[in-house]
Amino acid sequence: MAPLLSVIIPFYNGERFVENIEKSFMAQKSKDFELICVDDGSKDETMKALESFKERHSDWIIKVIHKENGGVSSARNAGLAVASGKYISFVDSDDYVTPDYIDVLKDNLDKHFEVLVFQQKRIHEKDKRVTNSKYYGTEYYGNFGIMTEFANNPTKYGVYNMFINKEYYDKHNFKFREGFKYYEDYEFMYRVFCLAKDILFTEHEMYFYILHKGSAMQSFNVDRITCIKALEDLRPFFKENMPEFLGVFDTWCVSRIYWSIMWQACIAFSFSDAMKFGKMLDIKNKVRTLSDVADDKVKYSTVLMRFSMPLYILAVKILGRSRSAIKRRGNLEEFKRELNESISNSSGL
């Protein structure tokens, strides 16, 4: 009999995080799940820790896959290939799910949905994981609405924010686009949302996204720029499947990512290098559509950027330090060398 839920969990040098996953799923009242743990070519003892985890819970369905390192998209695709549950979800190895994670899914089995979207809570490593006991229930949400919301705030949702109906997944054979270190999850989610006719939505927080000091999300590297192509390439997909979303896409999706990159660059670089970076990226042109959007933070900061780049950079350096964990990096010339090398080695990405 197929399990209710297949949980796909990529690991890369994540030996120390196996215990996190074990605790999260030991806390579930229902054990109607399979855990698909994908070791993406780890160089530590991750594989050994996963095999030990599997032995400790022989009454659970735990599948352990070892593969050559290919990145998180490749690891998730490997997990999808062996998933046998009625629904699919994704969990990162260093994060946690709430004790009612499986129960909320079970409570909504009387409703038809291709995707059930729930909320995450971003916390730092040392923060207490306080679960909100209030369950808000679910309601149907239109795909255009949730895609617009996602475009307005790309960090609001991640692939770990949803349960996907396996029949729906099989019908469209969704896969993660491989070869990208950033935005591959956004690209996947836009396609999943776009083709869904029935999306269930809840305000209930069911996932703790842990902000680790020194993580890839806190570094400012060339992949933040080269990987934008993953989103830019979605335009033909929307044109064919949801042409009414093209206006939102052209106004928000890629421009909003460039806006974030410039914000991060102001913190990562010196004042003078941030100025040069903005010119190199032609950032005023890239974000011009954001001057008329509804989000006040984005709108007014874009207006300030286009009016006076020095004032914008100064404002970000004052405000951004307390709101962003982006690390300082070397000078712009070093960054440009890395960017040119990445582009020349991209093999057509």
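Counting starts from 1 at the beginning of each chain's written sequence and moves along it residue by residue. For this predicted model, a pLDDT threshold of at least 70 governs which residues receive local features, and a threshold of 80 or more governs which side-chain atom pairs are given and counted, while totals over whole chains, interfaces and linings are taken from all residues. Remark: hydrogens and water are excluded; side-chain values derive from all non-hydrogen atoms of the structure.

K.L.:
Talk me through the side chain of glutamate 184; I want residue IDs and the actual numbers.
P.N.:
In DSSP terms, a helix is any run of H or I states spanning at least four residues, a strand is any run of E spanning at least two, and both are numbered starting from the N terminus. Along the polypeptide, glutamate 184 turns up in helix 7 (residues 184-195). Burial classes follow relative accessibility: with a 1.4 Å probe on protein chains only, a residue under 20% of its type's maximum area counts as buried, one over 50% as exposed, and anything between as partly exposed. In this structure glutamate 184 comes out as buried when scored by relative accessible area, which is 5%. For this analysis, residues touch if any pair of their heavy atoms sits within 4.5 Å. For glutamate 184, the contacting residues outside a window of four places in its chain are Val72, Ser73, Arg76, Phe176 and Arg177.

K.L.:
Lay out the packing of helix 11 (residues 246-268) against helix 12 (residues 271-281) in plain terms, naming residues and giving numbers.
P.N.:
Only the stretch in contact is used when fitting a helix axis, every axis being a line fitted to C-alpha atoms; angles between N-to-C directions are given from 0 to 180 degrees. Helix 12 packs onto helix 11 with a crossing angle of 160° between their chain directions and a minimal axis gap of 9 Å. One way to sum up the angle between helix 11 and helix 12 is to call them roughly antiparallel. When you trace helix 11 past helix 12, the crossing you get is right-handed. The segment helix 11 lies against helix 12, with Tyr258, Ile261, Met262, Ala265 and Cys266 engaging Ala274, Phe277, Gly278 and Leu281. Here the contact of helix 11 with helix 12 is built from residues that sort into eight nonpolar, one polar and no charged. Relative orientations are named as follows: roughly parallel for angles under 35 degrees, roughly antiparallel for angles over 145 degrees, roughly perpendicular for angles from 65 to 115 degrees, and oblique for any other angle. Crossings are sorted by hand: turned counterclockwise from the far helix by less than a right angle, the near helix makes the crossing left-handed, and turned clockwise it makes it right-handed. Side-chain classes are defined by residue name, with Ala, Val, Leu, Ile, Met, Phe, Trp, Tyr, Cys and Pro counting as nonpolar, Asp, Glu, Lys and Arg as charged, and the others, Gly among them, as polar.

K.L.:
Residue-level account of the nonpolar core, with values.
P.N.:
We call a set of buried Ala, Val, Leu, Ile, Met, Phe, Trp, Tyr and Cys residues a nonpolar core when their side-chain atoms join them within 4.5 Å. Ranked by internal contacts, the top residues of the largest apolar core, which has 115 residues, are Leu35, Tyr101, Phe188, Tyr190, Phe193, Phe238 and Phe277. The element best represented in this core is helix 11, accounting for 16 residues. Leaving out residues up to four positions away in the same chain, phenylalanine 238 has contacts with Met147, Tyr190, Cys194, Pro243, Phe245, Leu246 and Phe249.

K.L.:
Quick one: what's the story with a nonpolar patch on the surface, residue by residue and with numbers?
P.N.:
On the surface, a cluster of nonpolar side chains totalling about 620 Å² of accessible area is made up of Phe271, Phe307, Leu311, Leu314, Ile318 and Leu319. By residue number, the principal contributor to the nonpolar patch is helix 15 (residues 309-323), which donates four residues. Exposure above 30% relative accessible area and the lack of any salt bridge qualify a residue for a patch; like charges then connect within 9 Å, and the nonpolar side chains Val, Leu, Ile, Met, Phe, Trp and Tyr within 5 Å. The method behind every accessible area is Shrake-Rupley, applied with a 1.4 Å probe, and residues are considered shielded solely by the protein chains displayed. The working definition used for a salt bridge is a side-chain nitrogen of Lys or Arg within 4 Å of a carboxyl oxygen of Asp or Glu.

K.L.:
Kindly report on the packing of helix 5 (residues 143-152) against helix 11, identifying the contributing residues and their values.
P.N.:
Between two packed helices, what matters for the description is the angle formed by their axes and the separation of those axes. Their axes nearest at 8 Å, the elements helix 5 and helix 11 cross at an angle of 35°. The residues of helix 11 that touch helix 5, namely those facing Phe144, Thr148, Ala151 and Asn152, are Val248, Trp252, Cys253 and Arg256. Its residues assigned to classes, the contact of helix 5 with helix 11 comprises five nonpolar, two polar and one charged.

K.L.:
Give me the lowdown on the pattern of salt bridges, citing residues and values where you can.
P.N.:
When their charged atoms lie close together, side chains carrying opposite charge are able to pair. By the definition in use, this model includes 14 salt bridges. Note that lysine 67 is salt-bridged to aspartate 40, the shortest N-O span being 2.6 Å. Of this pair, lysine 67 sits in strand 3 (residues 61-67) while aspartate 40 sits in strand 2 (residues 33-40); the two residues are 27 residues apart in sequence, bridging distant segments of the chain. Lysine 67 sits in the buried class, given a relative accessible area of 15%. Judged by its relative accessible area of 3%, aspartate 40 falls in the buried class.

K.L.:
Break down the side chain of aspartate 39 for me, citing the residues and quoting the values.
P.N.:
With respect to the helices, strands and loops of the structure, aspartate 39 is situated in strand 2. Counting rule for charge: Lys and Arg are taken as positive, Asp and Glu as negative, and neither His nor the chain ends is counted. Buried and unpaired, aspartate 39 has no salt bridge, with lysine 67 as the nearest side chain of opposite charge at 8.9 Å. Within the local environment of aspartate 39, its side chain forms a polar contact with the side chain of serine 42, the two groups lying 2.5 Å apart. With sequence-adjacent residues up to four places away left out, aspartate 39 is seen in contact with Phe11, Thr46, Met47, Leu50, Ile65, His66 and Lys67. Each polar contact in these results corresponds to two N or O atoms within 3.5 Å; when the atoms are within protein, one needs to be able to donate a hydrogen and the other to accept it, and residues that are neighboring in sequence are counted only if both atoms are side-chain atoms.

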